[in-house]
Structure formats: C-alpha cells, structure tokens
Amino acid sequence: MMTRYTERLGRFRKQQDGNATIEFVILFPALMSLFLMGFEAGYYMVRNVMLERAVDISVRDVRLAMGGVPDFDALKQRICDEALILPDCVNSLQVEMQPVPAGPDGISEMRQPVRCIDKESNVDPADGTTYNSGGSNQLMLLRVCALSQPLFPTTGIGVGMRADGQGNYAIVATSSFVNEPGPRTIASGSSGGVSGGTN
C-alpha cells in the first residue's frame, strides 16, 4: 500500500504538465504592467503636446492684441478649443499671465510653483489669479496648468505622478513672448479676480 503511494508521488514529481501555465501566471502581470505604463506615458505625452500646441496658437492673440487682449475666460476657451484632447478642459484649466520684471533677476523672481485649480474647493478659478496683459514691448510670461485623471492609476507611472486630492495629475505649458507695440486693453472686460493690463 505504501509502495503504491510512493510510486504515484514519484510519477507526480516527474510530470511537467502545467509548466507553461505557471510561467504565464508569473510573467503576465509584469508584462501587462509594462504595457499599461507605456500606454499611460504615451497618452500623457499626447496631452502635453496638444496643450503646448494650443498655448502656442492662443498666445498669438495676446501678443498682437488686435481688437484687444482676450480676457481670462476667453483665453481659457481658446486654449481648450485648440487642445481638443483634454477632458473637461474649461473646468480643469488654470491660466496665469504677467509681465516679467526688468533686470537680470526678472525670471528668477517668478519661479514660484505653477498654480493649478483646486477641484475640491468652491473658489472661483479666477480668484487670486494673476492675469495682466502688460504693456507695449514688454516681456511676458504665460503659464497654463491642466488637470487630468490617469488612465491606469495603479500602474507605476500613474502612482508616481503628482496628484491633487482627487487623483488628478498636472500638465503644465509655459510660453514667453514680447508684446507688440500699441495700446493693450482687455477686450471683454476683466474677469473676477483678474487684473487688466496697462497701455
């Protein structure tokens, strides 16, 4: 009786059935994680490139000021119209624009963190925002922050991205330009919490 069990145990130990299944179970999660992280990184780059493109196109209206500089809401809408791929763009986008102080330390004085929308608060996105069209021939800095949800929050890239309380990560685009000569006024009146420019 004992010999029969020993023989069966010996045959069981020599069998190789299921080896491929074990390898699949071990390797599949790792390969899928790599695939999802690559997809997330690619989609993030597409969003970033589209935001950069939208800012570059929209900043021309501000620089030339033909018919007046777009106000805060109009510029946000223009960027969102060009970006196309950003979900809930108007409610997720924050825009800051201000003149760069003259002098060798002008840029370094403006190295504060980019301001993004806090979706958990009821504060108007324009409140406390610097939106100044600047003056003629003045060097300007425009910074835009868009919030997006990761496609796969549990992958390595999704977990590692800077996130707010709702798990959104920030996509930031920056543009600098010199205003064209001529008067500069906000076209539609300044929005709440937004300062107008100077002539």
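Because the structure is a prediction, the values reported are computed rather than measured.

Novice: Whenever I open this one, unusual backbone geometry confuses me. Can you help?
Specialist: In this structure, L84 takes a positive phi of about 65° despite not being glycine. Looking at L84, the relative accessible area reads 66%, which means it is exposed. Even without being glycine, D88 reaches a positive phi, approximately 50°. Counting through the fold element by element, D88 comes out in the loop between α3 (72-83) and α4 (89-92).

Novice: Hey, could you run me through the sheet that holds strand β2 (residues 139-148) in this one?
Specialist: The strands that make up a sheet pair up through hydrogen bonds in the backbone, lying either parallel or antiparallel. Spatial strand order, β1-β2-β3: 3 strands in an open sheet with antiparallel pairing. Edge positions in the sheet fall to β1 (93-99) and β3 (169-178), since each has one partner strand and no second. Neighbour-to-neighbour, the strand axes of this sheet turn through a mean angle of 15°, independent of strand direction. Sheet topology places β1 next to β2; 7 bridges connect them, and they run antiparallel. By the bridge assignment, Q94 is partnered in β2 with C145. Lying on the sheet, α3 is in contact with β1 and β2; it crosses β1 at an angle near 120°.

Novice: Sorry, what's going on with the packing of aromatic side chains here?
Specialist: To describe a pair of aromatic rings, you give the distance between the ring centres and the angle between the ring planes. The tally for this structure, following the rule as stated, stands at 3 aromatic pairs. Ring plane angle 85° and centroid distance 5.9 Å describe the contact between F72 and Y131, whose orientation is recorded as edge-to-face. In this pair, F72 sits in helix α3 while Y131 sits in the loop between β1 and β2, placing the two residues 59 residues apart along the sequence. By the burial criterion, F72 is buried, and Y131 matches it.

Novice: I would appreciate a short explanation of the state of the cysteines in the present structure.
Specialist: Any covalent bond linking the sulfur atoms of two cysteines counts as a disulfide. Counted by the stated rule, this structure contains 2 disulfides. At a sulfur-sulfur separation of 2.0 Å, the disulfide partner of C80 is C89. Its S-S torsion of about -80° marks the bond between C80 and C89 as left-handed, since a negative value means left-handed. Look at C89 and you get buried, because its relative accessible area is 9%. Covalent S-S linkage joins C116 and C145, the inter-sulfur distance amounting to 1.9 Å. On the S-S bond that ties C116 to C145, the torsion sits near 95°, and the link is right-handed. With C116 in the loop between β1 and β2 and C145 in strand β2, the pair connects residues that are 29 residues apart, well separated along the chain. If you count the bonded cysteines of the protein from the N-terminus, they pair up as 1-2, 3-4.

Definitions and cut-offs
Residues numbered from 1 in each chain as written. Predicted model: local features only at pLDDT ≥ 70, side-chain atom pairs only at ≥ 80, totals over all residues. Heavy atoms only, no water. Buried < 20%, exposed > 50% of the residue type's maximum accessible area, 1.4 Å probe, protein only. Helix = DSSP H or I, 4+ residues; strand = E, 2+ residues; numbered from the N terminus. Pairing = 2+ DSSP bridges. Axes fitted to C-alpha atoms, helices over the stretch in contact; angles between N-to-C directions. Contact = heavy atoms within 4.5 Å. Phe/Tyr/Trp six-rings, centres within 6.5 Å; stacked < 30°, edge-to-face > 60°. Disulfide = S-S within 2.5 Å.

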